[in-house]
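Architecture and fold: a report
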Amino acid sequence: MSTWHILLGVLEAIVWYFFIWYLLTTLRAKERNLWLAALVLLLLAYAGFVLCPWLRHTELWQNIGEMPPA
């Protein structure tokens, strides 16, 4: 396993940790802008899925941006 994969795995764990932490603090907070909280949670969830190796190693993800054959 390369250092790049280990680094991405650690980064993914950090992103999911902050997602869970922010979700729990949002549910607990009395005064928080829910629109901003939803945006932050959406961005963290998207980043977590993009960093997920299951998604990154699929054929569809590898071929993003290529034109389909005519």
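The structure this text deals with has already been given above.
Description of the structure in this document.

So, how was this worked out
- Residues numbered from 1 in each chain as written.
- Predicted model: local features only at pLDDT ≥ 70, side-chain atom pairs only at ≥ 80, totals over all residues.
- Heavy atoms only, no water.
- Helix = DSSP H or I, 4+ residues; strand = E, 2+ residues; numbered from the N terminus.
- Contact = heavy atoms within 4.5 Å.
- Patch = residues over 30% accessible without salt bridge, like charges linked within 9 Å, V, L, I, M, F, W, Y side chains within 5 Å.
- Areas by Shrake-Rupley, 256 points an atom, 1.4 Å probe, with all protein chains shown as cover.
- Salt bridge = Lys/Arg side-chain N within 4 Å of Asp/Glu carboxyl O.
- Buried < 20%, exposed > 50% of the residue type's maximum accessible area, 1.4 Å probe, protein only.

Residue placement: Arg 56 occurs in helix 3 (residues 53–56). Taking C-alpha positions, Arg 56 is 15 Å from Val 10, a pair spaced 46 residues apart along the chain. Ignoring anything within four residues of it in the chain, the contact list for Arg 56 reads His 5, Leu 8, Val 50, Leu 51, Trp 61 and Gln 62.

A surface patch of nonpolar side chains, about 800 Å² in accessible area, is lined by Met 1, Ile 6, Val 10, Ile 14, Tyr 17, Phe 18 and Trp 21. With respect to the element layout, Ile 14 can be found in helix 1 (residues 3–28). Taking the relative accessible area as the measure of exposure, Ile 14 reaches 40% and is therefore partly exposed.

Mapped onto the elements of the fold, Leu 55 is located in helix 3. Overall, the relative accessible area of 24% leaves Leu 55 in the partly exposed class. Residues in contact with Leu 55, not counting those within four places in the same chain, are Phe 49, Val 50 and Trp 61.

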